[in-house]
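Each chain, letter by letter, is given below.
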Amino acid sequence: MNRHSIVTRIFFPFALTTLMFAIVLLGVVPDRQAKILAANTENELFSIAKTIALSVNIALKEENLEALAEFNSFLKNDAHISVAGIFVDQGGSVELLAAFPSEVESALIAGVDPIKFLVARAPFKTKDLSGYIEVGFSREQFASRLQAINLTLYIAFIAILILQITVYRIVQLGVIKPILASIKSADALGAGHLETIISRPSGKGEIAQLLGALIQLQNNLRDRKAANEELTRSLEHKVLERTEELSRALQALESAQKTTNAVIDSSFDAIVLLDKQGHIQEWNSRAIEMFGLSRNEAINASMARLLLTEQHAKRFYLKGVFEAASLSDELIELTGHSKTKGKIDLQAFITALKIDHTEQWAVFLRDITINKSIADAIDNQRIVGSSVLDGLPISVSLESRIQDHVLQNKAYRTLEGQGFSEVDANRDTERRESAWKEGTSGPWDLVLSNDEETRTFIGAMRIIEPDIPAQERYLLRYLVDVTELKEQENELRESLASKDSFVSAITHELRTPLHSIVACLDLISAMQGPNDIDARQYVSVAKSSSEALLSLINELLDFQKTVERNLHLASDPFPFFPLFQQSSDMCHILFEGTEIAFKAEFKGNEQLMLVGDARRITQVVTNIVGNARKFTKQGEVSMTVDCQPHSSGDFVLLFKITDSGIGMDENTLARLGESFFQGTTGFSREFGGTGLGLSIVKQILFAMNSELVVESTLGVGSSLSFELRLPEACSAEFEKTEAIDPIILLPPSLSPPQLVDRRRPLMKVLYVEDADTNRLVMKAMMAKFAVELTMAESAMEGLKLARENRFDLIITDIQMPFHTGIELRQWLADDDDIHAPNIIAFTANAETTKIKEYINIGFNDVITKPLTLAKFSSFLKPYLDAL
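All values reported here derive from a predicted model rather than from experimental measurement. (Residues numbered from 1 in each chain as written. Predicted model: local features only at pLDDT ≥ 70, side-chain atom pairs only at ≥ 80, totals over all residues. Heavy atoms only, no water.)

Novice: What exactly am I supposed to notice about the overall build of the chain here?
Specialist: Counting secondary structure elements, the chain contains 25 helices and 29 strands. Within the chain, buried positions represent 34% of all 883 residues. Residue pairs at least 24 apart in sequence account for 60% of intrachain contacts in the chain once pairs closer than 6 positions are excluded. Accessible area of the chain: about 53700 Å², with a carbon and sulfur share of 55%. (Helix = DSSP H or I, 4+ residues; strand = E, 2+ residues; numbered from the N terminus. Buried < 20%, exposed > 50% of the residue type's maximum accessible area, 1.4 Å probe, protein only. Contact = heavy atoms within 4.5 Å. Areas by Shrake-Rupley, 256 points an atom, 1.4 Å probe, with all protein chains shown as cover.)

Set out below in structure tokens:
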């Protein structure tokens, strides 16, 4: 709705006036009357309540109870009271004494409801009794009385509303409608509808004058239209004559244009006409085909930026301004862009034109993409062929009868550049002539040398016959450098020979202790009567042979770990000086009963605690000292350990073992520590051993970021040294280490077996093993300790015994028929009724990874076979001590 229209200006005042009357008569006044009526009613109720209270007070003082009955008739006659009640205090509570009307007595026990009634209260008090009067007027009666009062206001509002509507209707018919009709007529005249009918005015008011002015305007417009139509007819005649003249001239121009376009379109080249800003003004059919752009797409576009790559487009814009003069009147090559073909190569000729005194440029463009692709392909093939030859690991040359070298690859050129040549030049000439004659020659071995080195090659030649008749033939010659392969072949042969010697030696080493064991057992079994001395000697020999065999097997396992890079180092705190003393004591035993003196010296802090793998350090030291003992017949073997702090906070340990043995020559030193190397065959037979000791030492030191330094003189002796860098243990780790039984630092063969102590309670042990011999051995070993042993032959029998008895320790073999020890552990863990605080795995697999696997499965500990009394004593001690 237009807020400026006359309808809006008249309607809104009427509507606003009506709204104000509605707010006053229907809202403000009724609300005000409701408040006044409510206040008056409440005042009346309070006055009535006070009157009744006064009457009750007088009646109670005079003890005239009949007067109380009279207030019912008083209340019936008062139209302002709907209910009333007399309430008295009874020791902290209020009770209803009387009610009006009597039928509402039960509803007034809790007092007059203020939700349903307008309520007033007045107290009364006598010497003997006190309370209050409550009177109420029904809110429904109050609403009816208020509605009756407001009815007059509603009737007045309706009358005013009818009057407003009547006045507005009169104004609408007498003023608004004629004005709207005049506006409509004026709009029609403005739109050119001069035949619009305009009502004749009646009266002499302003509206009648307005309609008269419109009629006069209509007549004036009709006269002006007639004059314009006559002028238009005259102009049309003149324009028609001039148009015919222009049409004839245009036809002649179009004919000339068609001829020019036909010549341009028939051109083999794309022709582009540019203005001096470089914008395309003309565009022939060949250009449309070449660039894939229609005439509409190309006209007025920048030729350089539309058709050319950015790099070549810059050639037309010197200092940001289009400039073609420097490129004109000569053939140039450009790289363009086609909408359909993508990148294209162009040959361009640019020349200047002057048309109607306007400078323009004609550009002739020829697509040379195919020609250039062919040339590039030929160049690429030549480059690829040369690159392939240069990338070959062999030396290749192509020769002809006329020209010695047509083509050589990089490897061949390198050989010639380094001055390599065959010693027998005549032999090379013979091979060439044979190849030219027979078509092929080789393969054959040849040796090339220069001033610095000699290398071995395998060579061959063949003739290349071209497909084109009478074309020149070529000789292809190639050489393969096999110098390193020959060296590796020799090394492999030496390695195989060393391995054969190693297998022979290891077979001898294994059979020797086995022979002692078998022979001693045979002697014991063949004894006719008891001879404890001989039996102990035989058993001692068998035991020492078994330990030697076990040491040999452990050495082979350690070597296998180093080969597979499966060597794991511990990182535990340990006291270093006790470790040194222990290693020294172990080494002293090696020299007992010999003519060799052994000395050990320690320099440093004897209270030092370090973190590392104590067992591997001991293994390295004992292996090196044992090796020195083996190759020293007389004289001295010494070991010194120097422990000094490092700037980083760690400690550097320098170990040095020196002997006065047979020493080593340069060849032995060069191969010292190689796998399967044992020196000469005579060495192996004279001194024994596998020859793997130093190889294992070198691998362990490599894992510890160290290396073995060897100095030796044949016939004088050897000196072996290495450095270890270890961190110092913290105080918490020190306390933890102090709690460890020092027996763990001793080798198993030196640990004293624990005998039966009858004073302590027996530990109940269940041993599950399928092999009869192993159960027999375990029974004999358990007899040495305070143990009550129960044995089972299978996992199922072990489970049954565990359910029937309470065991302190359960030891189970891993590999058993039907069910494994792993399954038995799971059964024991799943059964809540079984008492199995410690379940131990007993296995012959001593691999670190396997031991960790068993611990991760849930075993409390792992012991490995073979088992000695000393090793078993160390294992059982914590469990016996815990009883």
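Novice: Teacher, can you tell me more about the nonpolar core here?
Specialist: Burial of nonpolar side chains together is a common tendency in soluble globular proteins. Of all hydrophobic cores here, the largest spans 40 residues; its most connected members are Phe576, Ile624, Phe655 and Phe722. For this core, the elements supplying multiple residues, two or more each, are α15 (576–590), β19 (596–603), α16 (614–630), β21 (635–645), β22 (651–659), α19 (693–703) and β24 (717–726). When residues of this core are assigned to their parent elements, the largest contribution, seven residues, is made by α16. The residues contacting phenylalanine 722, other than those within four sequence positions of it, are Val620, Val621, Ile624, Leu653, Leu654, Phe655, Leu701, Ser706, Glu707 and Leu708. (Core = buried A, V, L, I, M, F, W, Y, C linked by side-chain atoms within 4.5 Å.)

Novice: Just checking my understanding: could you explain the environment of glycine 715 for this structure?
Specialist: Topologically, glycine 715 is positioned in the loop between β23 (709–713) and β24. Exposure remark for glycine 715: the relative accessible area of 59% places this residue in the exposed category. Taking the C-alpha atoms as reference, glycine 715 lies 7.0 Å from glycine 661; in sequence the two are 54 residues apart. Beyond its immediate chain neighbours, meaning those up to four positions away, glycine 715 contacts Gly661, Ile662 and Gly663.

Novice: I would appreciate a short explanation of helix α21 (residues 772–782) in the present structure.
Specialist: The α-helix advances 3.6 residues per turn, and as a result positions three or four apart in sequence lie on the same side. Where α21 is concerned, the buried positions are Arg775, Met778, Met781 and Met782. Axial view of α21: buried residues confined to an arc of 130°, hence all on one face. In α21, the exposed positions angled more than 90 degrees off the buried face are occupied by Asp772, Thr773, Leu776 and Lys779. On the buried face of α21, the contacting elements are β25 (763–768), β26 (787–792), β27 (809–813), β28 (839–843) and α25 (869–881). (Arc of directions from axis to C-beta.)

Novice: It is not clear to me how the sheet that holds β25 should be interpreted in this structure. Could you clarify?
Specialist: Hydrogen bonding along the main chain pairs the strands of a sheet, whether they run parallel or antiparallel. Here we have five strands laid out as an open sheet, ordered β26-β25-β27-β28-β29, and parallel in their pairing. The open sheet is flanked by β26 and β29 (861–864), the only strands paired with a single partner. For this sheet, the mean inter-axis angle between neighbouring strands, taken without regard to orientation, is 25°. Pairing geometry for β28 and β29, over four bridges, is parallel. Bridging from a neighbouring strand, threonine 843 pairs with threonine 864 of β29. (Pairing = 2+ DSSP bridges. Axes fitted to C-alpha atoms, helices over the stretch in contact; angles between N-to-C directions.)

Novice: Help me understand the pattern of salt bridges in this model?
Specialist: One side chain can pair with another of opposite charge once the charged atoms of both are near each other. Taken as a whole and judged by the stated rule, the model has 20 salt bridges. Arginine 233 is the partner of glutamate 230 in a salt bridge, and the nearest nitrogen-oxygen pair spans 2.5 Å. Taken together, the residues span about one helical turn, with glutamate 230 and arginine 233 both in helix α5 (residues 206–265) at a distance of three residues. For glutamate 230, a relative accessible area of 48% translates into the label partly exposed. With a closest N to O distance of 3.0 Å, aspartate 881 and lysine 877 form a salt bridge. Here aspartate 881 pairs with lysine 877, and both are found in helix α25, just four residues apart, close to one helical turn. Connected via shared salt-bridge partners are Glu453, Arg455, Asp481 and Glu484. (Salt bridge = Lys/Arg side-chain N within 4 Å of Asp/Glu carboxyl O.)

Novice: Quick question: what am I supposed to make of the side chain of arginine 775 here?
Specialist: Here arginine 775 is to be found in helix α21. Exposure remark for arginine 775: the relative accessible area of 10% places this residue in the buried category. From its side chain, arginine 775 meets the backbone oxygen of glutamate 769 in a polar contact 2.9 Å long. Each residue touching arginine 775, except ones within four places of it in the same chain, is listed here: Tyr767, Glu769, Asp770, Met791, Ala792 and Glu793. (Polar contact = N/O pair within 3.5 Å; in protein donor to acceptor, adjacent residues only side chain to side chain.)

Novice: Quick question: what am I supposed to make of the confidence of the model for the chain here?
Specialist: Considering every residue of the chain, the mean pLDDT works out to 77; 78% of them sit at 70 or more. Note that pLDDT drops below 50 for residues 680–686; the model gives that stretch six contacts with residues more than four away or on any other chain. When the criterion is pLDDT under 50, residues 737–755 qualifies, and its contacts beyond four places in sequence or with other chains add up to 31 contacts. (pLDDT = per-residue confidence, 0-100.)

Novice: What's the story with the pairing of β28 in this structure? I'm lost.
Specialist: Moving residue by residue along a regular strand, the side chains alternate between the two faces of the sheet. The buried count for β28 comes to five of five residues, which makes it a mostly enclosed element. With four bridges connecting them, β27 and β28 associate as parallel partners. Residue pairing in the sheet places threonine 812 in a bridge with alanine 841 of β28. Read as a crossover between parallel neighbours, the route from β27 over helix α23 (residues 821–830) to β28 is right-handed. (Right-handed = clockwise from strand over helix to strand, strands pointing away.)

Novice: Can you help me understand a nonpolar patch on the surface in this one?
Specialist: A contiguous nonpolar surface patch, about 560 Å² in accessible area, is contributed by Leu16, Leu19, Met20, Ile23, Val24 and Val28. Counting through the fold element by element, leucine 19 comes out in helix α1 (residues 6–61). (Patch = residues over 30% accessible without salt bridge, like charges linked within 9 Å, V, L, I, M, F, W, Y side chains within 5 Å.)

Novice: Can you help me understand the packing of aromatic side chains in this one?
Specialist: Ring pairs (aromatic) are described by centroid distance and by the angle formed between their planes. Within this structure, the stated rule accounts for 16 aromatic pairs. Here phenylalanine 591 and phenylalanine 598 contribute two aromatic rings whose centre-to-centre distance is 5.1 Å and whose plane-to-plane angle is 10°, an arrangement assigned as stacked. The pair formed by phenylalanine 591 and phenylalanine 598 is uniform in burial state, with each residue classed as buried. Ring pairs connect the aromatic residues Phe574, Phe576, Phe577, Phe580, Phe602, Phe655 and Phe722, which therefore count as one cluster. Geometry around tryptophan 444 places arginine 431 over its ring, the cationic atom sitting 4.3 Å from the centre. Between the NZ or CZ atom of lysine 764 and the centre of the ring of phenylalanine 807, over which it lies, the distance is 5.9 Å. (Phe/Tyr/Trp six-rings, centres within 6.5 Å; stacked < 30°, edge-to-face > 60°. Lys NZ or Arg CZ within 6 Å of the ring centre and 35° of its normal.)

Novice: Would you explain the sheet that holds strand β4 (residues 130–138) in this entry?
Specialist: A sheet is described by the order of its strands in space; here four strands give the open sequence β2-β1-β4-β3, paired in antiparallel fashion. Each having just a single partner strand, β2 (93–100) and β3 (117–125) make up the two edges of the open sheet. Neighbour-to-neighbour, the strand axes of this sheet turn through a mean angle of 25°, independent of strand direction. Bridge count for strand β1 (residues 83–90) against β2 is seven bridges, and the pairing is antiparallel. Paired with glycine 85 across the bridge in β2 is alanine 99.

Novice: Hey, could you run me through empty space enclosed by the protein in this one?
Specialist: A water-sized probe, rolled over the atoms, reveals where empty space remains. Enumeration according to the criterion identifies one cavity of 30 Å³ or more in this entry. Quantified by volume, the largest cavity comes out at close to 60 Å³. Lining the largest cavity are Phe576, Leu579, Phe580, Ser583, Ile617, Thr618, Val621, Met639, Val641 and Phe655. Secondary structure elements with two or more residues in the lining of the largest cavity: α15, α16 and β21. (1 Å grid on protein atoms, 1.4 Å probe; cavity = no way out; pocket = protein on both sides within 12 Å on 5 of 7 lines; lining within 4 Å. Points joined across faces, edges and corners; volume = space filled by probe spheres on them.)

Novice: Just to check I follow, could you spell out the pairing of strand β6 (residues 280–283) for this structure?
Specialist: Note: strand β5 (residues 270–274) against β6, three bridges, orientation antiparallel. Opposite leucine 274, over in β6, you have isoleucine 280 as the bridge partner. Where β5 folds back onto β6 in an antiparallel hairpin, the turn is made up of five residues, including glycine 278, whose phi is positive at roughly 90°.

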